[in-house]
Amino acid sequence: MVHPNVKLADSNIIVKAEKVNKYFGSLHVLKDIDIEVRKNEVVVIIGPSGSGKSTFLRCINHIEKINSGHIYVNGHLIGYHDRSGKLVEDSERNIARQRAEIGMVFQRFNLFPHLTAIENIIEAPTRVRKTPAAQARAEGERLLVRVGLADKRDQYPNQLSGGQQQRVAIARALAMKPGLMLFDEPTSALDPEMIGEVLDVMKELAQEMTMIVVSHEMGFARAAANRIVFVDEVRSSNRPRRKSSLPIPARIGRGCS
Amino acid sequence: MYHFDWAIFLKYIWPPSAFQDPLIRNGLIVTVIVSVVAQALGVILGLFAALGKMSKLAIFRWLSEIYIWYFRGTPLIVQMSLLFFGFGVTHIYDFPTIFLGVVAISGAIQAGTLALGIDEGAYMAEIVRAGIESIDPGQMEAAKSLGMTFGLAMQRIVLPQAAKVIIPPLGNEFNNMMKTTSLMVVISAGELFYGFEQVNARIFKPFELFIAASLYYLLLTTIWSLIQARIEAGLGERKGTTKGPGMMQRLFTGAGGKGVR
């Protein structure tokens, strides 16, 4: 095999995965995954739990390490660099720098409970990007307006409903001005009546953002996705494995938007 | 029948008269300052040992394990004697007196404080590690996904939350520390118990004097319990969560007390 380029030529490709494999012990979670996500595309990954959707998403920002293959984000290999033909894991600082360009929203929100809504939002811009506090605060307040929570600025996460927390978490990710947003089942920990408010924010965001969303929300997929990727294999220990747990792009529903 | 010497007893339990004896006055000051410094050293060493134990690099894990293993597995009084007498006689380090302005810090006090702090670090390591591990791993993931390095995420996100879990046992450790400083008597550092021992050597009233000594320690630990209860109430209030054991419970059930190591 020719060793891969560390850089991609086409700047319109935001995410490119090539033959990605991932094991948890003997469990082969991701098998030869290939996918390409272009700028401003909204890709929704749908499928049963345990099929590796979330794991794949977490590999994109290198929170999980892959066992083989390559993932490029914003044109660069994520988590690794090429040292004379061999892939070597990047320094922590370089990985952090790449992650700063990738927003992530978690199933369980993962807001920082010791910080208020606005403090959650400005923490990374001020500490990582070294944005002046006043500027970060002004931008943070604009983001809170955008997710409809201007009045919750000084509330702690435990004073907010699940839907409100998730909207703050979206604002927190957006505050880093990422080129790509990853959503890991963003509505599955929410009470049904709160799902709508989060999906509305995501739909609006989908107009202008590159997004990869792992979700069970068919309605959202239909309304906002450019592409829907179905994961069709249920991982069960006794069943013979199919070729790929994430059959991308083997079964793609296109034109659902 | 033993004749209890009330005059001596009252003289030595009543601070204004007891403090006329510089051995007692300075002893109390040394006990308090050494406790604070040794505990602070213990917290810092404990933090590093805890992070070392959780490190990806085997060498850091081993160093931490060996440190904790040795200092939890050997008596403090032996560690202290080894550090002061052993290092002195071999000239590894002589512990010369340090002068800070008008204050002279004897070698024994330095060695004692160091031994107390290093020993304490081995216990704090477990407390800090438990505190860090009590925090949802999703917090570290969220911080990393925002571009924070491990160190920044620890400092800004994980440790401030872990502090809430660490502070109650830390308070108990400090209570213990104030009592444990009395072991410094073996290296003749001039702390409170050493003061009473010296007075006893002069007038031989061990019953009266050591009751008085015990009351001074009781005073220190009781004052600390009050402060600790207030700190923990503050912690609980701010986040509207759990409350620690009450003052009375703390004093009489021996919550967290461990005795001399």
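Residues numbered from 1 in each chain as written. Chains lettered and ligands numbered in written order. Predicted model: local features only at pLDDT ≥ 70, side-chain atom pairs only at ≥ 80, totals over all residues. Heavy atoms only, no water.

Within chain A, the secondary structure is distributed over seven helices and 12 strands. The burial tally for chain A puts 53% of its 257 residues in the buried class. Counting every atom, chain A has about 11,600 Å² of accessible surface; 48% of that belongs to carbon and sulfur. (Helix = DSSP H or I, 4+ residues; strand = E, 2+ residues; numbered from the N terminus. Buried < 20%, exposed > 50% of the residue type's maximum accessible area, 1.4 Å probe, protein only. Areas by Shrake-Rupley, 256 points an atom, 1.4 Å probe, with all protein chains shown as cover.)

With that settled, the discussion passes to the environment of A:Ala124. Summarising the element assignment, A:Ala124 is placed in helix α3 (residues 117–127). Classification of A:Ala124 by relative accessible area gives buried; the value is 1%. A sequence separation of 49 residues divides A:Ala124 from A:Ala173, and the C-alpha atoms of the two residues are 9.0 Å apart. Ignoring sequence-local partners within four residues, the contact set of A:Ala124 consists of A:Arg129, A:Met176, B:Leu146 and B:Met148. (Contact = heavy atoms within 4.5 Å.)

The subject of this paragraph is the nonpolar core. A:Ile45, A:Phe56, A:Ile60, A:Ile71, A:Leu180, A:Leu182 and A:Ile212 are the most contacted members of the largest nonpolar core, which totals 54 residues. Apart from residues no more than four positions distant in its own chain, A:Ile71 is found in contact with A:Lys16, A:Ala17, A:Val20, A:Cys59, A:Ile60, A:Ile66, A:His76, A:Leu77 and A:Ile78. (Core = buried A, V, L, I, M, F, W, Y, C linked by side-chain atoms within 4.5 Å.)

This part takes up the packing of aromatic side chains. All names here are of chain B. Summed over all chains, the structure comprises 15 aromatic pairs over all chains. Aromatic side chains Phe4 and Phe9 sit 5.2 Å apart centroid to centroid with 65° between the ring planes, which places their arrangement in the edge-to-face category. Residue Phe4 is classed as buried on the basis of its relative accessible area of 18%. Classification of Phe9 by relative accessible area gives buried; the value is 9%. (Phe/Tyr/Trp six-rings, centres within 6.5 Å; stacked < 30°, edge-to-face > 60°.)

Here we come to the interface of chain B and chain A. Contacts between the two partners involve 20 residues from chain B and, on the opposite side, 25 residues from chain A. Counting the surface chain B buries against chain A, the share from its top three residues, B:Ser145, B:Leu146 and B:Arg156, is 30%. Here chain B and chain A share two salt bridges between them. A salt bridge links B:Glu141 to A:Arg58; its shortest N-O distance comes to 2.8 Å. Where chain B meets chain A, there are six residue pairs in polar contact (both at pLDDT 80 or more). Elements represented by at least two residues in the side of chain B that touches chain A include exactly α7 (137–145) and α8 (150–180) of chain B. (Buried area = accessible area lost by both parts, 1.4 Å probe. Salt bridge = Lys/Arg side-chain N within 4 Å of Asp/Glu carboxyl O. Polar contact = N/O pair within 3.5 Å; in protein donor to acceptor, adjacent residues only side chain to side chain.)

Let us now look at the environment of A:Gly103. All names here are of chain A. Here Gly103 shows up in strand β8 (residues 102–105). Judged by its relative accessible area of 3%, Gly103 is buried. For the pair Gly103 and Val214, spaced 111 residues apart in sequence, the C-alpha separation works out to 14 Å. Those residues in contact with Gly103, other than ones at most four positions away along the chain, are Ala173, Pro178, Leu180, Met181 and Leu182.

Residues and elements named next belong to chain A. For the structure shown, the criterion picks out 24 salt bridges over all chains. The residue Arg227 makes a salt bridge to Glu41 at a minimum N-O spacing of 3.0 Å. With Arg227 in strand β11 (residues 227–230) and Glu41 in the loop between β2 (27–38) and β3 (42–46), the pair connects residues that are 186 residues apart, well separated along the chain. Comparing Arg227 with Glu41, the two get one shared label, buried. Measuring nitrogen to oxygen at the nearest pair gives 4.0 Å for the salt bridge that ties Glu185 to Lys53. In this pair, Glu185 is assigned in the loop between β9 (180–184) and α6 (192–206) and Lys53 in helix α1 (residues 53–60), connecting sequence segments 132 residues apart. Taken individually, Glu185 and Lys53 each receive the classification buried, so the pair is uniform in this respect. Linked through salt bridges whose partners overlap, the residues forming this network are Asp10, Lys16, Glu18, Glu36 and Arg38.

Before going further, it helps to spend a moment on a nonpolar patch on the surface. Taken together, the side chains of B:Ile29, B:Val32, B:Ile33, B:Val36 and B:Val37 make up a nonpolar region of the molecular surface, amounting to roughly 400 Å² of accessible area. By the element assignment, B:Val37 lies in helix α3 (residues 22–53). (Patch = residues over 30% accessible without salt bridge, like charges linked within 9 Å, V, L, I, M, F, W, Y side chains within 5 Å.)

Another point: the side chain of A:Arg99. With respect to the helices and strands, A:Arg99 occurs in helix α2 (residues 92–99). Of the side chains with opposite charge, A:Glu92 lies nearest to the buried A:Arg99, which makes no salt bridge, at 6.7 Å. Contacts of A:Arg99, omitting those with residues within four sequence positions, involve A:Asn61, A:His62, A:Ile63, B:Lys144, B:Ser145 and B:Gly147. (Lys, Arg positive; Asp, Glu negative; His and termini not counted.)

Moving on, we come to the confidence of the model for chain A. Residues and elements named next belong to chain A. Here chain A averages 86 in pLDDT, while 88% of its residues score no lower than 70. Averaged over each element, pLDDT in chain A is lowest for strand β12 (residues 252–254) (38) and highest for β8 (98). Counting contacts from residues 234–257, a segment whose pLDDT is below 50, to residues more than four positions away or on other chains yields 58 contacts. (pLDDT = per-residue confidence, 0-100.)

At 3.6 residues per turn, the α-helix brings residues three or four places apart onto the same side. Residues and elements named next belong to chain A. Within α2, burial applies to Ile95, Ala96, Gln98 and Arg99. The buried side chains of α2 occupy one side of the element, clustering within an arc of 160° when seen end-on. Exposed and oriented more than 90 degrees from the buried face of α2 are Arg93 and Arg97. (Arc of directions from axis to C-beta.)

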